Structure formats: C-alpha cells, structure tokens
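Residue-level structural notes
The chain contents come next:
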Amino acid sequence: MPYKGQWRCLSDSVTCLTQTLNNTVLTRDTLCGNASLELGTDFVWDTDGRTSYAIEYGLYCEREWIYTMTNSLYFVGAMIGLSIGGPIMDIYGRKPGLYLSISVTMLAIVIEVLPTSITYLPVFILARMVIGAGGHVYFSGIQIYVMESFPTKLRPWGTLFYAFSWNFGYLLLVFYGYYIKTWNILAAMPGIMLFVSLILLRFFPESPKHEFINARSLERTKTSLRWFAKFNRSSFDIDSLILEYEEKEESEHELNFIESIKEFVKYGEMGKQTVILAYQWCIASFLYYGFTFSWSRLSDNLYIGYLYAAIGDTLSVVIKFGIMFVVRRRLSVFGSYGAAGAAFFIAIAPVAFPKSWAINWEQLWCLGGSLCVATAWGMVFLHGVEAAPTTHRAKINSYASFGARIPGRNGHSAL
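Residues numbered from 1 in each chain as written. Predicted model: local features only at pLDDT ≥ 70, side-chain atom pairs only at ≥ 80, totals over all residues. Heavy atoms only, no water.

**Observations concerning the overall build of the protein chain**
A tally of helices and strands in the protein chain yields 17 helices and two strands. The buried share of the protein chain, reckoned over its 415 residues, is 47%. The contacts of the protein chain with a sequence gap of at least 6 include a subset with a gap of at least 24, amounting to 73%. Surface summary for the protein chain: the accessible area is close to 22,100 Å², and the carbon and sulfur share equals 65%. (Helix = DSSP H or I, 4+ residues; strand = E, 2+ residues; numbered from the N terminus. Buried < 20%, exposed > 50% of the residue type's maximum accessible area, 1.4 Å probe, protein only. Contact = heavy atoms within 4.5 Å. Areas by Shrake-Rupley, 256 points an atom, 1.4 Å probe, with all protein chains shown as cover.)

**With respect to the pattern of salt bridges**
Under the defined criterion, the tally for this structure stands at six salt bridges. Salt-bridge contacts for Asp90 lead to Arg94; the nearest nitrogen and oxygen are separated by 2.8 Å. One salt bridge in this structure joins Glu269 and Lys272, with 3.3 Å as the shortest N-O distance. Here Glu269 pairs with Lys272, and both are found in helix α12 (residues 268-292), just three residues apart, close to one helical turn. The partly exposed category is assigned to Glu269, whose relative accessible area is 46%. By relative accessible area, Lys272 is classed as partly exposed at 44%. (Salt bridge = Lys/Arg side-chain N within 4 Å of Asp/Glu carboxyl O.)

**Thoughts on the nonpolar core**
Nonpolar side chains tend toward joint burial in soluble globular proteins. With 59 residues, the main nonpolar core has Leu59, Leu121, Phe124, Trp281 and Trp377 as its most contacted residues. Once residues within four sequence positions are removed from consideration, Leu121 is found in contact with Tyr57, Leu59, Arg63 and Ile66. Counting five residues, the second largest nonpolar core, distinct from the first, contains Phe43, Trp45, Ile55 and Cys61. (Core = buried A, V, L, I, M, F, W, Y, C linked by side-chain atoms within 4.5 Å.)

**With respect to a nonpolar patch on the surface**
A grouping of Phe168, Leu171, Ile304, Leu307, Tyr308, Ile311 and Leu315 is seen on the molecular surface, where their side chains present a nonpolar patch of about 590 Å² in accessible area. Breaking the nonpolar patch down by element, the ones donating at least two residues are α7 (155-179) and α13 (302-324). Element by element, the count of residues in the nonpolar patch is highest for α13, at five residues. Following the sequence through the fold, Leu315 ends up in helix α13. The partly exposed category is assigned to Leu315, whose relative accessible area is 41%. (Patch = residues over 30% accessible without salt bridge, like charges linked within 9 Å, V, L, I, M, F, W, Y side chains within 5 Å.)

**Some thoughts on the packing of aromatic side chains**
Counted according to the given criterion, the structure contains 14 aromatic pairs. Where Phe175 meets Tyr179, the ring centres are 5.0 Å apart and the plane angle is 50°; that geometry is what we call tilted. Taken together, the residues span about one helical turn, with Phe175 and Tyr179 both in helix α7 at a distance of four residues. For Tyr179, a relative accessible area of 57% corresponds to the exposed category. Considering the side-chain rings of Trp281 and Phe381, the 6.3 Å spacing of their centres and the 75° angle between planes classify their relative orientation as edge-to-face. With Trp281 in helix α12 and Phe381 in helix α15 (residues 361-387), this pair connects stretches of sequence that are 100 residues apart. Grouping residues by exposure puts Trp281 and Phe381 together as buried. By way of ring pairs, the aromatic residues Tyr53, Tyr57, Tyr67, Phe124 and Trp183 are connected into one cluster. (Phe/Tyr/Trp six-rings, centres within 6.5 Å; stacked < 30°, edge-to-face > 60°.)

**Thoughts on helix α14 (residues 329-347)**
Taking 1.5 Å per residue as the helical rise, α14 with its 19 residues ought to reach 27 Å, and the 27 Å between its terminal C-alpha atoms agrees with that figure. Listing the buried residues of α14 in full gives Arg329, Ser332, Val333, Ser336, Tyr337, Ala340, Ala343, Phe344 and Ala347. One side of α14 carries all its buried residues, which in axial view fall inside an arc of 130°. Along α14, exposed side chains directed more than 90 degrees from the buried face belong to Arg330, Leu331, Phe334 and Phe345. (Expected span 1.5 Å × (residues − 1). Arc of directions from axis to C-beta.)

**Concerning the packing of helix α6 (residues 121-148) against α15**
Two elements in contact, α6 and α15, have axes whose closest approach is 11 Å; the angle formed by their N-to-C orientations is 65°. By the angle class used here, α6 and α15 are roughly perpendicular. Classified by chirality, the crossing of α15 by α6 is right-handed. Along its contact with α6, which presents Gln143, Ile144 and Met147, the element α15 presents Phe381, Leu382 and Val385. (Axes fitted to C-alpha atoms, helices over the stretch in contact; angles between N-to-C directions. Parallel < 35°, antiparallel > 145°, perpendicular 65-115°, else oblique. Left-handed = near helix turned anticlockwise from the far one by under 90°.)

**Description of the confidence of the model for the protein chain**
Close reading of the predicted structure is inappropriate where its pLDDT is low. Predicted confidence across the protein chain gives a mean pLDDT of 78, with 81% of residues reaching 70 or more. Averaged pLDDT values over the elements of the protein chain bottom out at 43 in helix α17 (residues 411-414) and peak at 94 in helix α5 (residues 94-112). Under a pLDDT of 50 for its full length, residues 249-253 has, in the predicted model, six contacts with residues more than four places off or in other chains. Overall, residues 411-415 carries pLDDT values under 50, and its contacts beyond four positions in sequence, including any with other chains, amount to 11 contacts. (pLDDT = per-residue confidence, 0-100.)

Structure (structure tokens):
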C-alpha cells in the first residue's frame, strides 16, 4: 500500500489536517492512527495516476488483512492446482494439461480485471486463487514439456533456453509495470501473453516421451518424432524405426487420479525421493524469494530495483550454464548451496563500506548468495526432471513445486 508520502489531506478536511499537522512525512501510522479518516472525504491517494486493486477495493488500514490474505490465497490456489495438474498431465498428456491450465487462467484473469463497480471482492479473491492454480500448473507443465523435447546431451541448452525465457518475462514485467499505470490493464497483460502461448502450442506436437509411454497407438509416437526430426532437419526415416511395447488392456493404459497417488505409497522409494526433492525446492524457494527482494534495495525506484533482480537472474543462468556442462547434477547442487551458505556467513562480518557507496557489505554478499541460490534452484529442477520416470514426471515435478510454494509467500518477509 502506498502509505508513505503518497496520500494527502483534502483542503476542507479539518480532521485530516489536524491529524497530520505535526507530521512532515505522511506514513501508515499517520493515516491509520485516526479511524475517522475516510477516502474521498478526508484524504485522497496521490500516486501519480497509478492505481491498484488494493486502493480500489479499499484494502488499507483495518482492512489491510484482506490484502495480505488475498496474496496468501494465491499460493494456496497454486498448491491446489499443482496437486491436480501433475496427475492430469501424466494421465492425459502434457499438452492437454497445458491447454487446461492456460484456459482456466485466462478465464480467471478476465474475471479479475473486471471494474470494481460490476464485481465483488470475494469474486476477485476467488479469481486470484484460480490464477495461482492455473498459472503454476502451466509453469510446471511447460518446464516438463521443454525438458522432454531435448535429448539428454542437449538438456543444458534446454535449461538455458527456458531460463532466459523466464528472465525475458521478468524484464517484460518491469517494462509493463513502469509504463502501464492502470492495474486492470497491467493484470490483463499476462492473459494476452497466455493467449499467444495457447495459439503457438497448437503448432507443437505432444511430448514424444509421454506418447511412447502412454499412447495407445505407436503411430502417435512416430507423429511426434517426425515433427522433431523435421524441426532438427534430420534425414532419419522415422517410418523405419521399430517401436515395441507391451500390449495392455484398454483400462490399463490410464490410471485414475486416486490410483496415480497411491503409487507413491506402493513404490516407497519413489515417494521418499519425491519428498526429498520437495524439501530441496522448499529450501531453495525460501532463500530465492527472500534474497531476490534484496535486489530492489539497490534503488529507491521499485522498477529499477526489479530490473536489477532480472539482471541477477540472468547472471545466475550464465553460472548454471557453465556448471551443467562440467559438473555432475548433484555435485552442482551441493556446490551452489555451499557457496550460498558461505556468502551469507561472510555477510555477517563487521565490515563497513563508505556511507557514500550505493551498497553495503551485507547487501553485496547477500546478492552474491542469491545468485548461488538461483543456480541451485535451477539445478535441483533439472536433476529432478532427469531422475523422475516419464510415467510420473509431471506428478513428481508438481509435488516438488508444491514444496516451493510453502515459503513463497513468507520467504521475503522472514529474510
């Protein structure tokens, strides 16, 4: 909420003028210390034309808990979506899961951006939950699709491609946020991008790995392979490829939702490894969210601060790219965590930089640690995708991502 210096008393409001008489800097305490101050009667927001849903729905002072709850429910929605989306993509295919997640998210965005005059706050909050669900299923599913589209030796390139795409989206967010002042339009931009993604997805085939494991017909597998062979300008004759798999009854091709969950108990080692992977995502997410926000301290301008964060993520991609071709996956994860831990302990050292410098000793090493944590996060994901069986890869990745959402709301607050 724009409490500090971004609201002003109306000239005819004696109550507000009296309340703020001895305060040269208007703060939250100044505004919320007097419950009788009313928007439009005693004060107005002075945000240079920028709007937000918190301002339009009046989520300030005693109603600020609703704003906090809305943000938290977004991650609750993400957890619900990941719990359902993973099995859907393993049972019915990567593309059907992506289509469903994109469509649901787009519909929720349409509801979210409706003017406050024709919608209600509970509907908005529900839309935010659905966006969290659909958006994270898409985020998890597209990772799986990209990784399964690259052969093992080229998977580091696939990771690099995905990571740079993520960072480009980060830069777009900074660009949109700086130039678009109306929150409805800003919130609609991801929906437009998802619509483009929905169209582009139709030109790509289903994951050949999923098709081979789950398809009822080998021809569908060859159709996907033909597309990738053509895309890579390969002269290999896919029709000459002999694919064999064990014939099963119609009902054996697909597990239902409950049965797919039970398999994590039936195959105990897979369940144990999934829990460990989820814990790794949880720790990486806690540190990543916490220290990514430290980039914003390099500038008083919010958007320049997040621009620094985008640049920091890009640097972590360069680090990951170098490590992936040289070091084993697990060793790279251990090394990244070790470097991040060392950076945080060094940050505690009582070293003082000149006050005229734009950064202090603690920020310098914490920013370096955040690069290592971002590297660890990428390596944990890649290791998990490669270790998971194709039949359960989407579920395992979704449940691991579930672990990352737990600290997603609180990582930056705690650190």
